[in-house]
Structures are given as C-alpha cells and as structure tokens.
Amino acid sequence: MAKRKLKKSKDTSSVLRLKPASQKEMTQREKYMFSLAALALVVAVCAVPLSAETSSSGLSHHKHIVLRMDEAILTVNNELDTEVVVSWMSERCFQCLYQQLGVVPAGSSPGQPSSVNFVVSTQHEITLQLNSTPVNLELCTVPFHFGEHGNYSLWVKNLNNSAVVNCSVVTDAEPVNSYIPILVAFLIFAGLALASAIGTIILGLDVVKGILFRIGGSMETERLINSELGSPGRTASLVADNILPPPPSPSKRLRSLDTFRGIALVIMIFVNYGGGRYWFFRHESWNGLTVADLVFPWFVFIMGTSIALSINSMLRVGSTRCSLLRKVVWRSLQLFIIGVFIINPNYCQGPLSWGNLRIPGVLQRLAISYLVVACLDLLVARGHLDILTTDALWGPGLDILLYWPAWLCVIFLEIIWLCLTFLLPVPDCPTGYLGPGGIGDMGLYANCTGGAAGFIDRWLLGESHIYQTPSSRVIYATRMPYDPEGVLGSINSILMAFLGLQAGKIILHYRDLHTHIMSRFLIWGLLQGVISAALTKCSTDQGFIPVNKNLWSLSYVTTLACFAYVLLVLVYYTVDVKKWWSGAPFYYPGMNSILVYVGHEVFEEYFPFRWRMVNSQSHTEHLIQNLVATSCWVFISYMLYRKKIFWKI
C-alpha cells in the first residue's frame, strides 16, 4: 500500500536535494474619490471571502488534527529497523539549535513502516534533521518549504537495501494559496486608485469644469433669488468669488510632509491590528526587515522634518527661544504620559499597578526623540534664512556647517551608543553581543537577549517594567523580557529624527528650488545607503552591525533613513511639485496623527475595529477585519479634517 500511494503522489524532492522554497469645502474631486473608497470597501468585504482557504482535500485521514494558520501536516514514515528522532530548524534562525519535533518508532517489518503525524510551520522554509537512536547518528537533513494546510509525507528508508538512507518528501494534498486574499485586496485598492486618477483627469477637463460651473452657478443663483437676503449685488459678488482664485496663504504648508506621515501612520495601524496575520506584516524576530519594521522610523523621521519647519516658523513670527523651549518640554511630557497610559491597557480596570507597569513605548520614544532634537534645533536654528548656493567650494555642505554644534552633539551621542553596545561588560555574556539569545548562537548565550541594550533596560527599569513577549520568542524561543523601545535604542531614534531634521533644513534653505531639494534628498539617501551596505556587508546576519529593529541598530537607522529620503522625494515630487496627487487619503490621518494613533490603540478591541470572527484561523477574515479597521480610521480622520478638528499637543 505504501508503494502504491507513493506512486500516485507527487514527488517533490530527492535525496538531500529539494525545492527551496486645505481645509476648504469638499470639492467634486474629493466627493468622487471618497465615493469610490466606500464602494471599494464594500466590494472588498464581499469579494475577498471568495478566496478563503477552505480546501480540505487529502486530509480525510487526518481529521483528528485541527490545523491553524501557517500550519501543515507532515507524516513521517519510517521503514528503518531503528527509531528515528525528527528535529527541525527555521531558515530564519541564525546559528540555531535544532528543536525536537518527535520520535518515530522503527518499522514493524519490511515494507510495513511505522508512521507518526506532526504539525509543522509553513511561514518559512525549515530544515528537518533525522537522527537514529540511541547512537544519535545523523541520517539525513531535508530543507523544505511547506505550504499552508498541505498534507506531506516524509519517507525514510534504505536505498536499494543498502546502508544508505534515503529521505524524500512527497506532497499528498496540495496546500492552499493563503496569499490570494492579499492579491484580491491589492487589485481592489489598485482599481480604486486608477479610478480616482481617471476621475481626477475627467474633472480637470475644461468642458467638465464648465458644466460643473454652470450647474453650481445656476443653483447658487436660484438659492439667492428665493432667499429674503438675496440681491443682485450679492449674487454678482459670489459669482466673482467663484471665478477669482483665492489669495495665497501666508504660510505655505507642504502637503507632501503630511502625506508622508499619513502613509507611515496608516501602515502602522494596519500592522498593529494584525496585518491579516501574515508573517511579513509582523516584526522580524531578530535581524532583518519586514513591512512592520519600516513605519515607526519613518514616523520619527518626518517628525524631525516637522520640527525644523515649525521652529523656523515660530522664530520668524517673534517667539523667543525660552518660550519655545517651555512648549517643547511640556509637549514631550504630555506625549510620555499618554504613552504610558495607552501601553498599559489595564487602566480601564482600575488604578495602574506599579508592579508590572511597562515604562518604554512608542509615544515615549517619540517624546524623548522630540525633546532632544527640538532642543538641539533651538540651539542652532535661525529665524531668517538665506537660500544657499553651490557656487562656493563649501557650498554643498553649507546646510551642515551652519549647524555644526548640533551635529557634534549627535555624533557624541552616537559614540556613546557604540561604546555602550560594544564595550559594556554584561554578566555571563560576551562583550559586544548583538544576538537574540535563546536557541540562537547554538544556545550558548540563552539569557543574553539584546546584549548591552537588554542589560541596561533590566538594570535601569527592572524586568517587570519592560516588554515581556518580544518578537525574538517566535523563532529563537527566548525567555528573557526585552523591550524594542528601550533606553539604549532611544539614542538611535534621536539620530533618525535628526536626519529628518536635516531634510527640513534642506527644504528651508532651498525653498521653491525643487530640483535642488530633490537632488539633496537623493544624495543623503545614497549616503545613508552606502553606510548601511558597509555596516551590514549587504547581508542579514554577517555584517559588523546587522539591521535590527529590536536593537534599533545604527545600520537599521541608516537603512530606513535611506528609504525615507527616497520615499520623500517621490511624494514631494508628485504632491507638491507636479501636483499629480493631492495626497489623499493619507493626507488626512497625517494631519491628525496623534489623535488617530492614540484612538486606534484605545479602541482596538471595540466594534467596528474588531468583531467575533466565524473562523479565527483564517487569513482572509483577519485581513478583512484589519483592512476595515484601518479604513475606518482613515475615514474618521477625513471627517475630522472636514470639521477642522485637529488634536495638537
């Protein structure tokens, strides 16, 4: 029976060689765009469930095993005359120990294998190691990327009755395609964007403008005639107002900056709500990057850019540096306190308990970065700036030389980070350790998670006041608490905000010289990219300082700053230079970022942001729920924008 089944199945491997895996009235364009948004959301809710992972073919003989998301069934068939120990290791786990999956007894007789079913992870490729007992002799290793809800068999037998052991994986039932919901959602929102672009072009045609103007003008004239207050003079005045363009605003606000902030915020809300429970919408376990790792540094970056513009604007209107310093300190204190409350949700059940109060958090990190960078800018900022030229030899670096005291302070802070990270002795851990601990590094430093960064947090704040379930637990099985928003990493978040401040200085010094602004952004982005390549050796784990969100490593900051400068160029060019895009819908949450962020944290567990799902182990249902919740906050931010409600701290 085993041979016949093997023949009918699809063999996907061989011995040791397998497949790897304006705060104006609503314009016609805005009405059109939000109508499309509502339509697209309805279509998404109705269409995406059609691609749900409901396939159960081939699992009839495994009905007692209930699979969750990102899991598959592996049946190990052992034809050898000895027990086989099955272990596994994820490809994302760097220098890790194998973890035992289970033991398969010896075959009862030739041609009658013993079989044991196991549940395996499908998120990443894993390597299976098979050892014989009791001598613990390695028989074979099999790398394979299992598919979600698939049914697989691993056959272990002697090759042609010899002592050579053959290990091969056979696909008994095809896995489901868990990425179809993402594709459907992407096509829906891409269609929305395309329809919005086409609608914008149509509304911009002179013929359409004329029709809309005549319709609007006739309706306004009729309203005034029927009104007791209407008069010919008043009507003529209103018509003239419709024809003449509004006077230019004295303080020109760059829509691209709010759009950039909104992009980061919307993605942050989506991944915080779960991101459909896809692994690439969650934080990386240790070294490397996922989509979730991009957004917080971008938010810090654009905060630095806004600091430069706002302080310059307030200095120009006559505010003193002392008054601005008081505002900066008060705002930072408010951010920190709000952050402590929302990061400890038990405040709804009574007074906060100091015993397990988490102190670090996202808003706390923003408060510290804002305080330091704003103070540095107050130290060197100028109220009246001249447009810089590149005629002189030192011209290209003048926007740095003008603020050299602030640069010296940031460099000094970075030297402190390097010294503490690589020179601080950590008990029972190697000096300069940057690893995750747990089963990483062959399990030699299990309690050294984060090295100096983790040690400083545990010593300064206490183990009970930092994050208890870090992302390193997922793959590296760490047991130590570790906080990704800890004390030492705050130094590099200050660096990230300061690089954003530099972008603001470029905008101020090269105002209205779009080519100069964009070229400077690209030069800074290229410089940060070169630094990242040198620090990481263009690898995930082999560099001097790997890209690591948990540590907020130097290479993580330079890499994300590189991405931020490039993204800012694209948004600045399309929104403020060419005006091809208004920035909607990201512009609206970007205008109310603190309110939207705090709101999405506080109301996370309430309808319509969350509801009881029919199948909680479905990527489709999670994706729909998270997209609806994120869209709700975009809509809320738009309504607040229409009502001119902005929460400023």
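Conventions and cut-offs
Residues numbered from 1 in each chain as written. Predicted model: local features only at pLDDT ≥ 70, side-chain atom pairs only at ≥ 80, totals over all residues. Heavy atoms only, no water. Helix = DSSP H or I, 4+ residues; strand = E, 2+ residues; numbered from the N terminus. Buried < 20%, exposed > 50% of the residue type's maximum accessible area, 1.4 Å probe, protein only. Contact = heavy atoms within 4.5 Å. Phe/Tyr/Trp six-rings, centres within 6.5 Å; stacked < 30°, edge-to-face > 60°. Axes fitted to C-alpha atoms, helices over the stretch in contact; angles between N-to-C directions. Parallel < 35°, antiparallel > 145°, perpendicular 65-115°, else oblique. Left-handed = near helix turned anticlockwise from the far one by under 90°. Nonpolar A, V, L, I, M, F, W, Y, C, P; charged D, E, K, R; others polar. Disulfide = S-S within 2.5 Å. Pairing = 2+ DSSP bridges. Lys, Arg positive; Asp, Glu negative; His and termini not counted. Salt bridge = Lys/Arg side-chain N within 4 Å of Asp/Glu carboxyl O. Polar contact = N/O pair within 3.5 Å; in protein donor to acceptor, adjacent residues only side chain to side chain.

### Digging into the overall build of the chain
Along the backbone of the chain there are 19 helices and eleven strands. Residues counted as buried form 49% of the 649 residues belonging to the chain.

### Re the environment of I269
Along the chain, I269 falls in helix α6 (residues 255–272). Using a relative accessible area of 2% as the deciding quantity, one classes I269 as buried. Once the C-alpha coordinates of I269 and T630 are considered, the two residues, 361 residues apart in sequence, prove to be 6.2 Å apart. I269 has contacts with V596, H600, T630 and W633, leaving out every residue within four places of it along the chain.

### Thoughts on the packing of aromatic side chains
Aromatic ring pairs: the centre-centre distance and the angle between the two ring planes describe each pair. Throughout the structure, instances matching the rule amount to 33 aromatic pairs. Judged by centre distance (5.9 Å) and plane angle (25°), the ring pair of Y179 and Y278 falls under stacked. Of this pair, Y179 sits in the loop between β11 (165–173) and α3 (180–203) while Y278 sits in the loop between α6 and α7 (295–316), placing them 99 residues apart in sequence. On the basis of relative accessibility, which here comes to 2%, the residue Y278 falls in the buried class. A ring pair is formed by W407 and W524, whose centres lie 5.8 Å apart and whose planes are at 20°; its orientation type is stacked.

### Description of the packing of helix α14 (residues 489–509) against helix α15 (residues 514–536)
For any two helices packed against each other, the geometry is given by the interaxial angle and the distance between the axes. Relative orientation of the contacting elements α14 and α15 amounts to 155°, with a least axis distance of 9 Å. With respect to α15, the axis of α14 lies roughly antiparallel. Relative to α15, α14 is oriented so that their crossing is right-handed. The segment α14 lies against α15, with L499, Q502, A503, I506 and I507 engaging I517, R520, F521, W524 and Q528. Residues of the contact of α14 with α15, tallied by class, amount to seven nonpolar, two polar and one charged.

### Focus on the state of the cysteines
What the rule picks out here adds up to three disulfides. The disulfide partner of C140 is C167, and the S-S distance across this bridge is 1.9 Å. Taking the sign of the torsion about the S-S bond as the criterion, the disulfide between C140 and C167, at about -85°, is left-handed. Of the two residues, C140 is situated in strand β9 (residues 137–144) and C167 in strand β11; the sequence distance between them amounts to 27 residues. Look at C140 and you get buried, because its relative accessible area is 4%. Note on C167: relative accessible area 1%, which makes it buried. A sulfur-sulfur separation of 1.9 Å characterises the disulfide bridge that pairs C429 with C448. Its torsion about the S-S bond being -95°, the disulfide of C429 and C448 is classed as left-handed. Of this pair, C429 sits in the loop between α11 (404–423) and α12 (452–460) while C448 is found in the loop between α11 and α12, placing the two residues 19 residues apart along the sequence.

### With respect to the sheet that holds β9
Pairing between the strands of a sheet comes from backbone hydrogen bonds, and it takes one of two forms, parallel or antiparallel. Strand order in this open sheet of four strands is β6-β5-β8-β9, and the pairing throughout is antiparallel. Edge positions in the open sheet fall to β6 (99–104) and β9, since each of these has one partner strand only. Sheet twist, expressed as the mean angle between neighbouring strand axes with direction ignored, is 20°. Pairing of strand β5 (residues 84–90) with strand β8 (residues 126–132) involves seven bridges; the strand directions are antiparallel. Its bridge partner lying in β8, S87 is registered against Q129.

### What about the pairing of β9?
Two strands pair when backbone bridges link them, and β8 and β9 are joined in this way by seven bridges, in the antiparallel orientation. Across the sheet, L130 pairs through a bridge with C140, a residue of β9. Connecting the antiparallel pair β8 and β9 is a turn made up of four residues, with N136 showing a positive phi of about 55°.

### Overview of the side chain of E621
Tracing the backbone shows E621 in helix α19 (residues 619–642). An unpaired buried charge is present at E621: no salt bridge exists, and R612, the closest side chain of opposite charge, is 11 Å distant. Separated by 3.0 Å, the side chain of E621 and the backbone nitrogen of V614 make a polar contact.

### Remarks on the packing of helix α18 (residues 593–602) against α19
Between α18 and α19, the shortest axis-to-axis distance is 11 Å and the interhelical angle comes to 140°. It follows that α18 is oblique to α19 by the angle criterion. Regarding α18 and α19, the two cross each other, and that crossing is right-handed. The residues of α19 that touch α18, namely those facing L595, V596, G599 and H600, are W633, S637 and L640. Each residue belonging to the contact of α18 with α19 can be placed in one class, and the counts come to four nonpolar, three polar and no charged.

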